[in-house]
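Given next are the chains, with one letter for each unit.
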Amino acid sequence: MTTFDVLALFGILLVTFAGGYPPLFRRKTDGVDSYPGGEAFTSGIFLALALVIMLPEATTLLNKAWHSDFPSASVIAVLFFFLLLSLEHMVAHLRLRMNDESQLAAPIIPVVMVFMIAIPSFFMGTALGLSTKALKWYILVAILAHKGSAGFALALEMVKSRLSPRQRLGLYSGFAMSTPFGIICGSCMQGYLVTSGPMPLIKGMVLAMAAGTFLYLGTLHELKQAPLITHCTCRRNFLWLLFGFGLTVGVRFLLGVH
């Protein structure tokens, strides 16, 4: 692991636990802080990372590995997108099924949410570990923005459930470690793949899954509460979305020129 990866790992852990601290360790959890401009900006970064950077690179690597022009990277990204969408719908159906007030606090909802959010978090970390140093900064910004807000929402759901404080902390710690574990895996894969044959295939598949992850996070994550639907209705936040997208595309252009 590089020095940047180590610092990013601890920075992500710090932001994740900071996001979950108010619901987990304070009695009063009313009044959710929202940063619509920041969330719109992050959505723009997610979309650019997915469609302009990761998916084209994954397509090149997989076409090289399989000696084919079939858009396998796009298929993998869309399938992973569908997987995340199905998990989120599963949570939504659980909420509808448990509409009795005494059953709303069932522990199954926060448990499923942990897995639902931890899976994309892991692949975001893996993408960071596999990426070039210049791109790592933008992936890190996107991860920090996501982990803080997602951690707050997840911790809030845990507090509303019948989970004990120890169970909440254990589940939340598992969620917090998902991205650092992904960074470690990505860094180890990077070192191994450089000296081995299957580098284009494995790296291409990981980047394709990461592209599907970022595409989902930038569009449909949280379904009806998705930033593209709730926050981009005003001109200012829509401009933040375009700025995040344009900034990331510009960085990709400069990297290509360099």
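Residues numbered from 1 in each chain as written. Predicted model: local features only at pLDDT ≥ 70, side-chain atom pairs only at ≥ 80, totals over all residues. Heavy atoms only, no water.

Engineer: Could you give an account of the overall build of the protein, naming the residues involved and the relevant values?
Structural biologist: Looking only at helices and strands, the protein has nine helices and zero strands in total. From first element to last, N terminus to C terminus, the protein shows the α and β order α-α-α-α-α-α-α-α-α. Split into buried and exposed, the 258 residues of the protein put 47% on the buried side. In the protein, of all internal contacts separated by at least 6 residues, the share reaching a separation of at least 24 is 78%. Total accessible area computed for the protein in this model is approximately 13,100 Å², and 69% of it derives from carbon and sulfur atoms. (Helix = DSSP H or I, 4+ residues; strand = E, 2+ residues; numbered from the N terminus. Buried < 20%, exposed > 50% of the residue type's maximum accessible area, 1.4 Å probe, protein only. Contact = heavy atoms within 4.5 Å. Areas by Shrake-Rupley, 256 points an atom, 1.4 Å probe, with all protein chains shown as cover.)

Engineer: Tell me about the nonpolar core, and please be specific about residues and values.
Structural biologist: Within the largest apolar cluster, 39 residues are counted, with the highest numbers of intra-cluster contacts made by Leu 49, Met 54, Leu 128, Ile 139 and Phe 214. Elements supplying a minimum of two residues to this core: helix 1 (3-25), helix 2 (36-66), helix 3 (72-97), helix 4 (108-130), helix 5 (133-159) and helix 7 (199-219). With eleven residues, the top contributor of residues to this core is helix 2. Met 113, Ile 117, Ala 150 and Phe 175 belong to the second-largest nonpolar core, a separate cluster that totals 16 residues. (Core = buried A, V, L, I, M, F, W, Y, C linked by side-chain atoms within 4.5 Å.)

Engineer: So what about the confidence of the model for the protein? Which residues, and what values?
Structural biologist: Model confidence for the protein is summarised by a mean pLDDT of 77, while 80% of its residues fall at 70 or above. The least confident element of the protein, judged by mean pLDDT, is helix 8 (residues 227-230) at 68; the most confident is helix 1 at 86. Within the model, pLDDT remains below 50 along residues 29-33, and this stretch shows five contacts once partners closer than five positions in the same chain are excluded. Confidence drops under a pLDDT of 50 for residues 100-104, and excluding neighbours within four residues, the segment shows five contacts in the predicted structure. (pLDDT = per-residue confidence, 0-100.)

Engineer: Mind laying out helix 1, listing which residues take part and the relevant values?
Structural biologist: Between its first and last C-alpha atoms helix 1 spans 32 Å; for 23 residues at 1.5 Å apiece the expected length is 33 Å, and the two agree. At Gly 19, helix 1 shows its largest bend, some 30 degrees, and a proline, Pro 22, comes one to four positions later. Taken together, the buried positions of helix 1 are Phe 4, Asp 5, Ala 8, Leu 9, Ile 12, Leu 13, Thr 16, Gly 19, Gly 20, Pro 23 and Leu 24. (Expected span 1.5 Å × (residues − 1). Bend = angle between axes of the 7 residues up to and from the residue.)

Engineer: Could you give an account of the pattern of salt bridges, naming the residues involved and the relevant values?
Structural biologist: Enumeration according to the criterion identifies one salt bridge in this entry. Between Lys 136 and Asp 5 there is a salt bridge, and its shortest N-O distance comes to 3.1 Å. Of the two residues, Lys 136 sits in helix 5 while Asp 5 sits in helix 1, which places them 131 residues apart along the sequence. For the pair formed by Lys 136 and Asp 5, the shared burial category is buried. (Salt bridge = Lys/Arg side-chain N within 4 Å of Asp/Glu carboxyl O.)

Engineer: Tell me about the environment of Ile 117, and please be specific about residues and values.
Structural biologist: Residue position: Ile 117 is located in helix 4. Through-space distance from the C-alpha of Ile 117 to that of Lys 147 is 9.2 Å; in sequence the pair is 30 residues apart. When neighbours within four sequence positions are excluded, Ile 117 is seen to be in contact with His 146, Ala 150, Leu 154 and Phe 175.

Engineer: A description of the side chain of Ser 187 should follow, citing residues and the corresponding values.
Structural biologist: Relative to the assigned elements, Ser 187 resides in helix 6 (residues 165-194). Under the relative-accessibility criterion, Ser 187 is labelled buried at 11%. With residues near it in sequence (within four places) discarded, Ser 187 still touches Met 1, Asp 5 and Gly 129.

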